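For reference, the chains in residue letters:
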Amino acid sequence: MADDDYDEEEERPVAPPRPPGEGVRIIGAQEAAKREAELSGRLPDDAPRFGDVPPQPTGPRPAVRFPLPEDQEAKPIVSGTTEMPHWTEPPTGEVPRILATDEASDEDDLEAWAALRRQPRWREGDDWQEADFDDDGLLGDDDEVKLGALDETPRGNVFSFDDDFDELEADDEEELPPPVRTARPATRQIRTRPSAAADPYAGSRSSDRDLPVAIAAGLGLGIVALACFKLGPGWVAALATIVVVLAAIEAFDVLHRAGHRPATLLGLVGTVALMIGAYEKGERAIPLILALGVVFSMFWYLFGVVRARPTINLGVTLLGFLWVGFLGSFASLMLRYPHRQGIAFLLGTVIAVVANDVGALFAGRQFGRTPLAPEISPHKTVEGFLGGFALTLIASLIFVMRIHPWGFGSAVILAVVVSLVGPAGDLCESMVKRDLGIKDMGSILPGHGGILDRFDALLFVLPAVYYLVEVLNLPGK
């Protein structure tokens, strides 16, 4: 069969040849040298080639620092004239119209304002002679809401314009409501010192105390004290405890009114314990009571007896406890000396302190011109300080040195100590009162204020005199 014997390879159609594809052909060293010779022959000999270093420039070097030397002048490089942009052209003088009833003078400008309800009006030449106000003397249409200066809402005094716009006159035909004042935003004023209006100490140099009432109250308190001194140390210790506790109550009360939350009950109990313990057990009782006072004050806030900030309130609690209770306990310590010597020491101290207060008061009223500490107490003057020292020295030499075991030398030293320490205690109390914004610690003593106001100097003097007695060894004489 002829069909079965044919050759398939001869009868199969031959496909057209494919174009050669792109690729990388590796050439040998001889062919590469040949191609390099062909390419290098195409470039001139003086043409720069890859890797060549250009020659150094010749001529003078330019200035590299400013300012230039005096013999050289910087000259701008102007390569040509540049045309200024369009926004620097002179203004046209055209002004947009502001009335809704005005008609545009230029139809071409309306296309740019077609999307706005009010279209601008451009005026030129004599067009400015037309009136810009309606019959009521206001801009715009009557049926439109006017804002800002065009608003007709009454705001206090309303003025109307006459036909010629020459003068203004108040419209008194109808009663208008009072002007509405906008409240100013609340601001916080920071003041480094109290102002004259808010400062309770501001005013004249003289005090506003009622002197007759103050003298009467002082005499009454003095009579009670002398009676207790006559009866014995126990009575004096009881009177001193009452005075110190009342002073502590005033101190804790003003701290509470100032916004603090001191442990008042604990402070008063500690004050009573100090006064009684110092009188009964002496100096050994004071460290124990102080330690218990600090520990239990912390427990007071730890267990939530008073729920307040513990740090600041613990501080004010210890302030009242130490300032009044601890310093006042030296009166009880002084009364422990035998043979009524404690009464002599405490009586001499009280006489010197009272003389210092009285001398400073009257000398300051009569001759006070130079403030002693104007930032703390404007009423205290250098002249008052000197007057207090003079009267203290006189009272010590007349009265105190006659009380055994005081003598001439110890009386003079007592006058010096009291004159220095007493005013310091008074200034420290004034500092606390000024910081709290009050003038008096209380009002229990007519004409004097509070107990603490009268015995502030004595609280500072008591420990000073106690250790003065120890240093001078007066009990052994």
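Residues numbered from 1 in each chain as written. Predicted model: local features only at pLDDT ≥ 70, side-chain atom pairs only at ≥ 80, totals over all residues. Heavy atoms only, no water.

**Overview of the pattern of salt bridges**
To be explicit about the condition: In the sections that follow, a salt bridge refers to a side-chain nitrogen of Lys or Arg positioned within 4 Å of a carboxyl oxygen of Asp or Glu. Strands are runs of DSSP state E lasting at least two residues, helices are runs of H or I lasting at least four, and both sets are numbered from the N terminus onward. Buried means the residue's accessible area, taken with a 1.4 Å probe over protein chains only, is under 20% of the maximum for its type, while exposed means over 50%, and partly exposed covers the values in between.
With the rule as written, the count across this model stands at five salt bridges. Between Asp253 and Arg257 there is a salt bridge, and its shortest N-O distance comes to 3.0 Å. On the criterion of helical spacing, the pair formed by Asp253 and Arg257 is a turn pair, its members being four residues apart in helix α4 (residues 233-257). Judged by its relative accessible area of 37%, Asp253 falls in the partly exposed class. For Arg454, the salt bridge identified is with Asp357, shortest N-O distance 3.7 Å.

**A few points about the confidence of the model for the protein chain**
The condition that has to hold: Note on scores: pLDDT gives the predictor's confidence for each residue, bounded by 0 and 100. By definition, residues are in contact when any of their heavy atoms lie within 4.5 Å.
Predicted confidence across the protein chain gives a mean pLDDT of 77, with 62% of residues reaching 70 or more. Long-range and interchain partners of residues 5-10, a stretch whose pLDDT sits below 50, account for one contact in this model, where long-range means more than four residues apart. Predicted confidence is poor over residues 187-207, with pLDDT under 50, and the contacts of this stretch with residues over four places away or in other chains come to 24 contacts.

**Focus on the packing of α4 against helix α7 (residues 310-334)**
For the record, the criterion: Geometry is summarised by axes, namely lines fitted to C-alpha atoms with helices restricted to the contacting stretch, and by angles between N-to-C directions that run from 0 to 180 degrees. The scheme is simple: roughly parallel for angles under 35 degrees, roughly antiparallel for over 145, roughly perpendicular for 65 to 115, oblique for anything else. A clockwise turn of the near helix away from the far one marks a right-handed crossing, whereas an anticlockwise turn of less than a right angle marks a left-handed crossing. Polar here means any residue outside two lists: the nonpolar Ala, Val, Leu, Ile, Met, Phe, Trp, Tyr, Cys and Pro, and the charged Asp, Glu, Lys and Arg; Gly therefore counts as polar.
Their axes nearest at 10 Å, the elements α4 and α7 cross at an angle of 165 degrees. Looking at the two axes, α4 sits roughly antiparallel to α7. Classified by chirality, the crossing of α7 by α4 is right-handed. Here α4 contributes Ala240, Val244, Ala247, Ala248, Ala251, Phe252 and Leu255 to the contact with α7, which in turn contributes Val316, Thr317, Gly320, Phe321, Val324, Gly325, Gly328 and Ala331. Considered class by class, the residues forming the contact of α4 with α7 number eleven nonpolar, four polar and no charged.

**Examining helix α11 (residues 451-472)**
Note the cut-off: Helix span, as expected, comes to 1.5 Å for every residue beyond the first. The quantity called bend is, for any residue, the angle between two axes fitted respectively to the seven residues ending at it and the seven beginning at it.
Spanning 22 residues, α11 covers 31 Å between terminal C-alpha atoms, matching the ideal 32 Å at 1.5 Å per step. Remark: the principal bend of α11, roughly 35 degrees, maps to Ala457. Directly beyond the C-terminal end of α11, a positive phi value near 55 degrees is found at Asn473.

**Brief notes about helix α6 (residues 285-302)**
Relative to the 26 Å expected for 18 residues at 1.5 Å per residue, α6 spans 26 Å between its end C-alpha atoms, a close match to the ideal helical length. Where α6 is buried, its residues meet α5 (264-281) and α7. Looking one or two residues past α6, Gly304 carries a phi angle of roughly 75 degrees, positive in sign.

**Digging into the pairing of strand β4 (residues 377-381)**
Quick reminder of the rule: Here, a strand pair is defined by DSSP locating no fewer than two bridges between the strands.
One ladder, built from two bridges, connects strand β3 (residues 371-373) with β4; its direction is antiparallel. Bridged to Pro371 within β4 is Thr381.

**Describing unusual backbone geometry**
Across the junction of His404 and Pro405, the peptide omega takes the value 10 degrees, indicating a cis bond. Within the fold, Pro405 resides in the loop between α9 (382-398) and α10 (408-436). The backbone of Arg340 sits at a positive phi, close to 60 degrees, despite the residue not being glycine. With respect to the helices and strands, Arg340 occurs in the loop between α7 and α8 (341-367). In the Ramachandran plot, Asn473 falls in the positive-phi region, its phi being about 55 degrees despite a non-glycine side chain. Along the chain, the position of Asn473 falls in the segment after α11. We classify Asn473 as partly exposed; its relative accessible area is 47%.

**Let's talk about the environment of Ala225**
Positionally, Ala225 belongs in helix α3 (residues 211-231). Separated by ten residues in sequence, Ala225 and Trp235 have C-alpha atoms that sit 9.3 Å apart.

**Some thoughts on the nonpolar core**
Across soluble globular proteins, you tend to see nonpolar side chains buried next to one another. Operational definition: Among buried residues, the Ala, Val, Leu, Ile, Met, Phe, Trp, Tyr and Cys ones that are joined through side-chain atoms within 4.5 Å form a nonpolar core.
Within the largest apolar cluster, 66 residues are counted, with the highest numbers of intra-cluster contacts made by Trp323, Val324, Met334, Leu346, Trp406 and Leu452. Of all the elements in the fold, those that place two or more residues in this core are α3, α4, α5, α6, α7, α8, α10 and α11. In terms of residues, this core owes the most to one element, α11, which gives eleven residues.

**Some thoughts on the packing of aromatic side chains**
Our working definition: Each Phe, Tyr or Trp ring (for Trp, its six-membered ring) is paired with any other whose centre lies within 6.5 Å, and the angle between the two planes then decides the class: stacked below 30 degrees, edge-to-face above 60, tilted in between.
Inspection of the entire model under this criterion finds nine aromatic pairs. Consider the rings of Tyr337 and Phe345, whose centres lie 5.3 Å apart with planes at 85 degrees: the pair is edge-to-face. Just as Tyr337 is buried, Phe345 falls in that class too. With a centroid separation of 6.3 Å and an interplanar angle of 35 degrees, the aromatic rings of Tyr337 and Tyr466 are classed as tilted.

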